[in-house]
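# Structure assessment
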Amino acid sequence: MNEPSTDHDITRLLDAWRSGDAQAREALVQRVYANVRAIAAQSLRQMPGATLSATDLAHEALLRLLGSELDWADRRHFFHVAAQATRQVLVDAARKRLTEKRGGDVERVQLDQAAGVSTSDSDAQLLQVDEALRDLAATDVRRARVIELVYFGGLSRLEVAAALDVSEGTVDRDLRLARAWLRTALEA
Amino acid sequence: MTRSPLERYAEDFERLRQLPPAQRAAALAALPLDEAARNTLQRLLAADAAAELDDPLARLLGRGAASLAGALPRRIGPWRVTGELGSGGMGTVLLAERTEGGFEQRVAIKLLGSHLAGAEAVRRFERERRILASLDHPHIARLLDGGQTEGGVPYLVMEYIDGVAIDRHCSERGLGLRERLGLFLDVCAAVQFAHQHLVVHRDLKPANILVDGHGSVKLLDFGIARLTDEADAPTLNAFTPEFASPEQVSGAPITTASDIYSLGVLLYRMLSGRSPYQADKAQLAELVREIVTTPPLRPSQSLTSRAAVSGAGDLPALDLRRLRRELRGDLDNIVLMALRKEPARRYASAAQLADDIRRYLDDRPVHARVPSVGYRLRKFVARNRLGVALGSLALLALLATATVALQQARSARLQAARAEQHFASVRTLANRFVGEVFDHIVDVPGTSAAQQLLLDTGLEYLDRLAADAGGNHALLLEVAQGYTTLAGIQERMYATPAQRAASAQHALALLDRADRLAPVDQDGWALRRDALVALALSETDAQQFDAAASHFKDAIAAPPASVASPATVVARGALANALVEYAKASGIDLAPAARMALLERARGEFAALKAAALEPRRRDAVDVADASALLFMARTQVDDLADPQHRAKALALAQQALQAHEALLARMPADTRILVNVVLAATSAAAIASGAQQYPLAREFYAAARRHDAQLQRLDPDQPTAALNRLALHLEQLEMELRANGSPRAQLVEIAAVGRLVAALPPTVLEQRQGIAVRAWLDTLKAEFSLRRSQEHDVPREQRLALRREALGLFEQAQRGVAQVAEMVDPSTPDMLELLRSGPDRARASIAALERR
């Protein structure tokens, strides 16, 4: 990994964030961002047959940075960050592809495949999703977070409920409504 | 904070969406909302319904469509969806039911999560579905139905299994070792059944192997991975890296052998509570590297402590020390054999794997230690031939030491006439019995009683001699050598490893006694090497690999400084023998490169021996041994996957080995043993060349093999395995021609000749499994070449049709044959299996194409 992040760094940042340091969260996201990118690019080089979904990316980032011996509280916090970082990676990649006329550089292809995304149509859609989610987050942090955790972080409903400290029923209802809303936003 | 605009819809949205669609409009109209809000709510409800079957986020981000609880389609075909069972890389699985004839049926519906593009894809999907539907086995979840949703999403309806993953079942119930193995045997039975129907699972892992409330195993998703593969874009090649085989992660063709590997990973987990790999499953790059190149730790060695695994129940319910003892040996070997990197060296079938586990459970010797003896026709034949080649080496060393030791004994002044009489006995034993009588009698059927008598007599003599040896140094050495020789005879007579070890231990004890009387010299050290090798070989067969490795190391160790150099001829012979035996030892953890190094050293000793002035007979023996070592190096080099040049190097070695053998043959043209070796060398060289896609070279080697084989046939028409050897040679070459796109016309002529050879096999062989396998093999080849021939320009139309129809019949006949002898099917020939599997369909399609015109 080219990023000089160590387990220790990450754990320290997680601690700091948990004790209320908002900058620590940003720092974490940046760390994880670099990792998710590298993982996406690397995984395809290593294993041409396999596909990583957004959630696989987040999980792998977690394991690479923190190992598997992580308590649930740390995990939960980390997934907040990983989901956000994964989203950024995918959105940035999509944006880059859309702005660049010429194609064919290696990393591009790998990111495409790693995310299971391959057309500029879906790039545009992904940007739309991102924007819609940002709009939603402006007024409805919880529902936007639910979407992010489920779709970009790969958490189960149970895990999301624990992460946000709400009931499973709430997660279901939030997810369903937010998803319908996103769909209308995309169709608009 | 601003109130979320969504908040105001949340409650109504939730209530209305749960209403039946018919009542929704009325309920919506009744709500006290302004027009804009009503429209928004309506659009949200519509979007929700649409998202059930097509979730744009899931499509974009690769997450299963039904990750939301309750966000499920209500109906698929005749099925009422009642819940979600899970979602994964290959799609979403729903729980559904229907009532028919008052009987409620619950099923699992798998949405394959991608659209089938084009009529061809749909046809392929349907064809696969029919094959999968025919898998009717008590341990395989039935495929009941399938089709496409209105939106074109393919789905499969499967028997619903209310159970938990096998690993969880084991840990939750705290199952013991035997109970775990019992479950695993059921898994093997299911896999074997599917393989017999030419269906490979491709994604065997605990999540696909459930145990229901009655403790019965059910395998899910047979062949689904392949199905989604084909239905999908080629990049969506779904499998689970931790359970994937080396060929799977490196993108090579997938065969039944891949499933065997996955079974090995599963068994590893069930026995040791952990993965065979050091890398975490998320460290993809590292994991893949390990899968492809690093031999796994023995399961017994991977047991560290209960604390190291995630839960106590992950391990079989046994005291950790006892568990380690139980795993060490047989179970270690069984697991590692399933996990071999090269498909061809794994168990040839799930049935073989299961058989070894049953043998372990019944305390019978397992096969895992002897790679693939008799597992399949070609390996069987090849190994027998290799056995002939290398077996002579051990004998050579024994005879060499015997001669010298006897001279030594003679030159010593014998103190008692009685001792002299015993010497005569030992001499008779060591030379006459071993060298002449035993050699003649060992391969004669029905002489096992006589052989046993020989053995008992020999042992009796030696025991009496040992008791009388007292302080006689020369006699001690001689008796020690007698015991070592005896261990060798016992090996050929299939005495138990313990009996052989006892003989070798006797020899070592006598050598210790001798060393206390007089300082050890080069030849005495040679006797020690021989005894240590005999001991290590018996330990290898007893699966005491740690002990065997340590004794092999002792056997190749340098003598103490007090031993005068330079090494004598006998000492060099013994060292070379020890090096070769160590390199050949199966089951001992030794990388191909390390084996190569041992063989290089042995060849160094052979070179030194050749430089010495040896009498012609011994010199020939050294040359034979050296050529055999070269051949063995070629075969070892093929296995050294870590070396990117391994094929090229192996090829060069094989060529060298063949030349060495041919040079020997030129000197001893009438020696059938050498002829057997030459045929073997040429066939090995051909196989290596063919593997490296050097087809013209492979053809040359095959031609040489056939030339020498013809000569062998002239000299010794009664060679017991020669007929099958010969067939294997021809069939292998035909298979090579298939890969090399050889002329169909020429190959069909050849096939007709081979067919005559097959027909000439004795009826007893023809009706047995080997005969069935040979015919299926030949039928497949003939069908394939007929199909190819029918596409050539110079073939008239009527003949085309006839050829294609014949191909169809042959493919079908071969499929029936293969189903009968599934455990002999060679998983290392994925192309052949694939050809056979798809053969009938291809033949039918080509017939249809012709008839349309």
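In this text, all values refer to a predicted model and were calculated from it rather than measured experimentally.

Let us now look at the overall build of chain A. Secondary structure summary: chain A contains nine helices and zero strands in total. Buried positions account for 55% of the 188 residues belonging to chain A.

When you go through chain B residue by residue, the secondary structure sums to 33 helices and nine strands. Restricting the contact set of chain B to residue pairs at least 6 apart, pairs at least 24 apart contribute 66%. Split by element, the accessible area of chain B, about 35,900 Å² in all, is 53% carbon and sulfur.

Glancing now at the sheet that holds strand S8 (residues 209-212) of chain B. Residue and element names in this part refer to chain B. A sheet is described by the order of its strands in space; here three strands give the open sequence S7-S8-S9, paired in antiparallel fashion. With partners counted over all chains shown, the strands left at the sheet margins are strand S7 (163-165) and strand S9 (217-219), one partner each. Ignoring strand direction, the axes of neighbouring strands in this sheet form an average angle of 35 degrees. Looking at chain direction, S7 and S8 are connected through three bridges and run antiparallel. Paired with Gly163 across the strands is Asp212, a residue of S8. On the sheet, helix H7 (residues 177-196) packs against S8 and S9 and is oriented at approximately 35 degrees with respect to S9.

What follows covers the confidence of the model for chain B. Within chain B, residue pLDDT values average 76, and 74% of them lie at 70 or more. pLDDT under 50 marks residues 369-420 of chain B. Its contacts with residues more than four places away, or in other chains, come to 109 contacts.

Only a minority of non-glycine residues have a phi that is not negative, and only a minority of peptide bonds are not trans. Residues and elements named next belong to chain B. A positive phi angle, close to 80 degrees, is found at Arg202, a residue other than glycine. Its location among the elements puts Arg202 in the loop between H7 and S8. The phi dihedral of Asn741 falls on the positive side, at around 55 degrees, and the residue is not glycine. Mapping Asn741 onto the fold places it in the loop between helix H28 (722-739) and helix H29 (744-759). On the accessibility criterion, Asn741 (59% relative accessible area) is exposed.

Time to look at the pattern of salt bridges. Close approach of charged atoms lets side chains of opposite charge pair. Residue and element names in this part refer to chain B. Following the criterion strictly, the structure yields 40 salt bridges over all chains and no others. For Arg739, the salt bridge goes to Glu735, with nearest N and O atoms at 3.9 Å. Taken as a pair, Arg739 and Glu735 lie in helix H28 at a separation of four residues, close to a single helical turn. Given the relative accessible area of 35%, Arg739 is considered partly exposed. Accessibility expressed as a relative area gives 4% for Glu735, which makes it buried. Connected through salt bridges with shared partners, the residues Arg603, Lys610, Arg619, Asp623, Asp626 and Arg667 form a single ionic network.

Residue and element names in this part refer to chain A. Within chain A, residue pLDDT values average 68, and 55% of them lie at 70 or more. The element-level mean pLDDT for chain A is lowest in helix H5 (residues 106-114), coming to 38, with helix H9 (residues 168-187) highest at 87. Long-range and interchain partners of residues 43-52, a stretch whose pLDDT sits below 50, account for 32 contacts in this model, where long-range means more than four residues apart.

Our next topic: the nonpolar core. Residues and elements named next belong to chain B. With 89 residues, the main nonpolar core has Tyr483, Phe552, Ile588, Phe606 and Phe701 as its most contacted residues. Top contributing element to this core by residue count: helix H26 (residues 672-691), with eleven residues. Non-local contacts of Phe552, meaning those with residues more than four positions away in its chain, are made with Val533, Ala536, Leu537, Thr540, Ala578, Glu581, Tyr582, Ala585 and Ile588. The next biggest cluster of nonpolar side chains, apart from the first, holds 64 residues, and it includes Met158, Cys170, Leu331 and Tyr347.

In this section: the packing of aromatic side chains. All names here are of chain B. Tallied over the entire structure, the rule returns one aromatic pair over all chains. Residues Phe552 and Tyr582 carry aromatic rings whose centres are separated by 5.1 Å and whose planes lie at 15 degrees to one another, so their mutual orientation is stacked. Note that Phe552 is positioned in helix H21 (residues 545-556) and Tyr582 in helix H22 (residues 569-584), a separation of 30 residues in sequence. For Phe552, a relative accessible area of 0% corresponds to the buried category. The class of Tyr582 is buried, set by a relative accessible area of 6%.

We now examine a positive patch on the surface. Residues Arg321(B), Arg322(B), Arg325(B) and Arg328(B) make up a contiguous surface patch of positive charge. Structurally, the position occupied by Arg321(B) is in helix H13 (residues 320-338).

Attention now moves to the side chain of Arg143(A). Mapped onto the secondary structure, Arg143(A) falls in helix H7 (residues 141-152). Among the residues examined, Arg143(A) registers a relative accessible area of 3% and is labelled buried. Only 3.1 Å separates the side chain of Arg143(A) from the side chain of Asp174(A), close enough to count as a polar contact. At 3.2 Å, the side chain of Arg143(A) and the side chain of Glu7(B) are in polar contact. Beyond its immediate sequence surroundings of up to four residues, Arg143(A) is in contact with Leu136(A), Asp174(A), Leu177(A), Ala178(A), Ser4(B), Leu6(B), Glu7(B) and Ala10(B).

Definitions and limits used
- Residues numbered from 1 in each chain as written.
- Chains lettered and ligands numbered in written order.
- Predicted model: local features only at pLDDT ≥ 70, side-chain atom pairs only at ≥ 80, totals over all residues.
- Heavy atoms only, no water.
- Helix = DSSP H or I, 4+ residues; strand = E, 2+ residues; numbered from the N terminus.
- Buried < 20%, exposed > 50% of the residue type's maximum accessible area, 1.4 Å probe, protein only.
- Contact = heavy atoms within 4.5 Å.
- Areas by Shrake-Rupley, 256 points an atom, 1.4 Å probe, with all protein chains shown as cover.
- Pairing = 2+ DSSP bridges.
- Axes fitted to C-alpha atoms, helices over the stretch in contact; angles between N-to-C directions.
- pLDDT = per-residue confidence, 0-100.
- Salt bridge = Lys/Arg side-chain N within 4 Å of Asp/Glu carboxyl O.
- Core = buried A, V, L, I, M, F, W, Y, C linked by side-chain atoms within 4.5 Å.
- Phe/Tyr/Trp six-rings, centres within 6.5 Å; stacked < 30°, edge-to-face > 60°.
- Patch = residues over 30% accessible without salt bridge, like charges linked within 9 Å, V, L, I, M, F, W, Y side chains within 5 Å.
- Lys, Arg positive; Asp, Glu negative; His and termini not counted.
- Charge placed at Lys NZ, Arg CZ, Asp CG, Glu CD.
- Polar contact = N/O pair within 3.5 Å; in protein donor to acceptor, adjacent residues only side chain to side chain.

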